Amino acid sequence: MDRLKGLFTQTDQAETQFDLATQIAITYFHQENERDSLIQYLEIVLEVSNQFSQDEEKAKICVNLANQCYWIRAFDHAANLAGAAMKLTEDPEIVFAAHLIANVSSRPYLFYLEEEAVNCLCFLDSIAIYLDQISDPNLLSKYYAQKGMCAINNAKTIEGLNYLLKAEELKQEEDCESVILLTNIAAVYDELEIFDKTVELGLKAQKISQRVENSCPETVSTHAIISGAFALKQYDLVKENCQKALEFIEQKSNLEASKSYLYFLLGKVAIAESQYDLANRYFQESLTISKKFGYEDEVSQAYEGLSEVYFQKNDWILAKQYADLALEYTPPYISDRTFGFAQIYEKNENYKKAYALLKDDVIKKAKRDSINNRSLIISTLLTENLEQEKAQFEQELAF
């Protein structure tokens, strides 16, 4: 820091002053109790920037500094730096970003809203008039994509999906942003359980990523494909994309934890194909990785998979042991897991445990098609083994 300050005092060249003041300011951003010094050098950056005409790189620097100012609540300096950026370039994306920061900085109360998604929606709306003046469809696509994700994060799923579809319609370039956009749309369809669209868009994103491989790994879209294909029982597609993801992860040591879920899915596919020994190996792999990283829910899932393996092999005792371990880590919150555990406890004649697992699930989801099997099992349990609970259960279910 002292060296940079020394160099700054020794030069009167605007170019060098701008670069050194920027470096010093960036350093102060990361130091507590140095706000006054930070502001001093930010003002130097602003003053020196007035000596330049068009300079795209300096405009980018001003935008980055403005963004950091906003998040430390230096709203006036954020707006001023954004204004400097707009004077330095006519590049539509840089102007877009600068205009965004300038608008939101002029309304600092947005910063204090509890939901970041609400914040995002507010300042995106604040530049809608500005965007109407832009003819670049790719920039408009970026705007609708951002607004769509903000709506989704604010629990407005359908509204967000419509914005994302508008973004896809406007997008003309095939690049990494296209892949991410399609993958986000696929994820929404997955949440809405429209799995054929999930797979369709996931595969479309994958094809684009293959064409722009250097800038966007193919695996960006694999999760959507795997999720949708698994729901549609397209197991060959699940295995193919799990393998692609595993091969990619082998090259990225920081992603090793992701292998746990992939092995779990491969285990579920193996069960569906009656390959129980193979399923066992996959679930054991998932369990080892989950324990290594301390992911309790993934540990529970792996134990659940192992319990299902032994349930399918009619080994009720081992199935119950693994179900007990699964429930030690996390209570079942997915109805299919609840149902599977209840079946295991029923086979082990632990009727009260089976009833306890199924009761709330049945009452909450009694209008779903899949409820008939659950209701039948509970009715059997109550009739044969838990007569005293029968009347209460039937009263709760009759709504």
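See the structure above.
Note that the structure is a prediction, hence the values are computed from the model and not measured.

1. Examining helix α18 (residues 316–329)
Right, on to step 1. Along its 14 residues, α18 runs 20 Å from first to last C-alpha, staying within 8% of the 20 Å computed at 1.5 Å per residue.
Right, on to step 2. When we look at burial in α18, the residues that qualify are A319, Y322, A323, A326 and L327. All buried residues of α18 project into a common sector of 140° when viewed along the axis, lining one side. Turned more than 90 degrees off the buried face of α18, the exposed positions are I317 and E328.

2. Here's the deal with the packing of aromatic side chains
Right, on to step 1. Scanning the entire structure with this criterion turns up 10 aromatic pairs.
Right, on to step 2. In textbook terms, an aromatic cluster arises when at least three aromatic residues are bridged by ring pairs, as seen for Y261, F264 and F283.
Right, on to step 3. Stacked on the ring of F18, the Lys or Arg K58 has its end atom at 5.5 Å from the ring centre.
Right, on to step 4. Geometry around F52 places K58 over its ring, the cationic atom sitting 4.7 Å from the centre.

3. Describing the side chain of Q17
Right, on to step 1. One can find Q17 in helix α2 (residues 14–29).
Right, on to step 2. Owing to a relative accessible area of 16%, Q17 belongs among the buried residues under this scheme.

4. With respect to the nonpolar core
Right, on to step 1. Counting 39 residues, the largest nonpolar core has Y41, L42, C62, C69 and L81 as its most contacted members.
Right, on to step 2. Once residues within four sequence positions are removed from consideration, L81 is found in contact with L42, V45, L46, C62, L65, A66 and C69.
Right, on to step 3. Residues Y310, A326, I344 and Y345 belong to the second largest nonpolar core, which totals 24 residues.

5. Considerations on unusual backbone geometry
Right, on to step 1. Backbone geometry places E193, a non-glycine residue, at a positive phi of 60°.
Right, on to step 2. Backbone geometry places K233, a non-glycine residue, at a positive phi of 60°.
Right, on to step 3. With respect to the secondary-structure elements, K233 resides in the loop between α13 (222–231) and α14 (235–250).
Right, on to step 4. A relative accessible area of 61% means that K233 is categorised as exposed.

6. Quick word on a nonpolar patch on the surface
Right, on to step 1. A contiguous nonpolar surface patch, about 230 Å² in accessible area, is contributed by I158, L192 and I194.
Right, on to step 2. Mapping L192 onto the fold places it in the loop between α11 (176–191) and α12 (195–211).
Right, on to step 3. Relative accessible area serves as the criterion here: at 32%, L192 is assigned to the partly exposed category.

7. Considering the packing of helix α15 (residues 259–272) against helix α16 (residues 276–293)
Right, on to step 1. Direction vectors running N to C along α15 and α16 enclose 165°, while the axes themselves pass 8 Å from each other. With respect to α16, the axis of α15 lies roughly antiparallel. Handedness of the crossing formed by α15 with α16: left-handed. Of the residues in α16, those touching α15 at K259, S260, Y263, F264, L266, G267, K268, A270 and I271 are Y276, L278, A279, Y282, F283, E285, S286, I289 and S290.
Right, on to step 2. Residue composition of the contact of α15 with α16, by class: 11 nonpolar, 4 polar and 3 charged.

8. Some remarks on the packing of helix α9 (residues 137–153) against α11
Describing two packed helices takes the angle between their axes plus the distance from one axis to the other.
Right, on to step 1. Axis separation between α9 and α11 bottoms out at 11 Å; the angle between their running directions is 30°. What the angle tells us is that α9 and α11 run roughly parallel. The way α9 lies across α11 gives a crossing that is left-handed. On α11, the residues that touch S141, K142, A145, M149 and I152 of α9 are E177, L181, N184 and V188.
Right, on to step 2. Of the residues that constitute the contact of α9 with α11, the class distribution is 5 nonpolar, 2 polar and 2 charged.

9. Some points on the pattern of salt bridges
Right, on to step 1. Applying the stated criterion to the full structure yields 17 salt bridges.
Right, on to step 2. Residues K142 and E177 are paired through a salt bridge, measuring 3.5 Å at the closest nitrogen-oxygen approach. Placement of the pair is K142 in helix α9 and E177 in helix α11, with a sequence separation of 35 residues.
Right, on to step 3. The salt bridge involving E168 is made with K204; its shortest N-O contact spans 3.2 Å. Within this pair, whereas E168 is found in helix α10 (residues 157–170), its partner K204 is found in helix α12, the two being separated by 36 residues in sequence.

10. A closer look at the side chain of T222
Right, on to step 1. Among the secondary structure elements, T222 is positioned in helix α13.
Right, on to step 2. Discounting residues that sit within four places of it in the chain, T222 has contacts with Q206, N241 and A245.

What counts and how
- Residues numbered from 1 in each chain as written.
- Predicted model: local features only at pLDDT ≥ 70, side-chain atom pairs only at ≥ 80, totals over all residues.
- Heavy atoms only, no water.
- Helix = DSSP H or I, 4+ residues; strand = E, 2+ residues; numbered from the N terminus.
- Expected span 1.5 Å × (residues − 1).
- Buried < 20%, exposed > 50% of the residue type's maximum accessible area, 1.4 Å probe, protein only.
- Arc of directions from axis to C-beta.
- Phe/Tyr/Trp six-rings, centres within 6.5 Å; stacked < 30°, edge-to-face > 60°.
- Lys NZ or Arg CZ within 6 Å of the ring centre and 35° of its normal.
- Core = buried A, V, L, I, M, F, W, Y, C linked by side-chain atoms within 4.5 Å.
- Contact = heavy atoms within 4.5 Å.
- Patch = residues over 30% accessible without salt bridge, like charges linked within 9 Å, V, L, I, M, F, W, Y side chains within 5 Å.
- Areas by Shrake-Rupley, 256 points an atom, 1.4 Å probe, with all protein chains shown as cover.
- Salt bridge = Lys/Arg side-chain N within 4 Å of Asp/Glu carboxyl O.
- Axes fitted to C-alpha atoms, helices over the stretch in contact; angles between N-to-C directions.
- Parallel < 35°, antiparallel > 145°, perpendicular 65-115°, else oblique.
- Left-handed = near helix turned anticlockwise from the far one by under 90°.
- Nonpolar A, V, L, I, M, F, W, Y, C, P; charged D, E, K, R; others polar.

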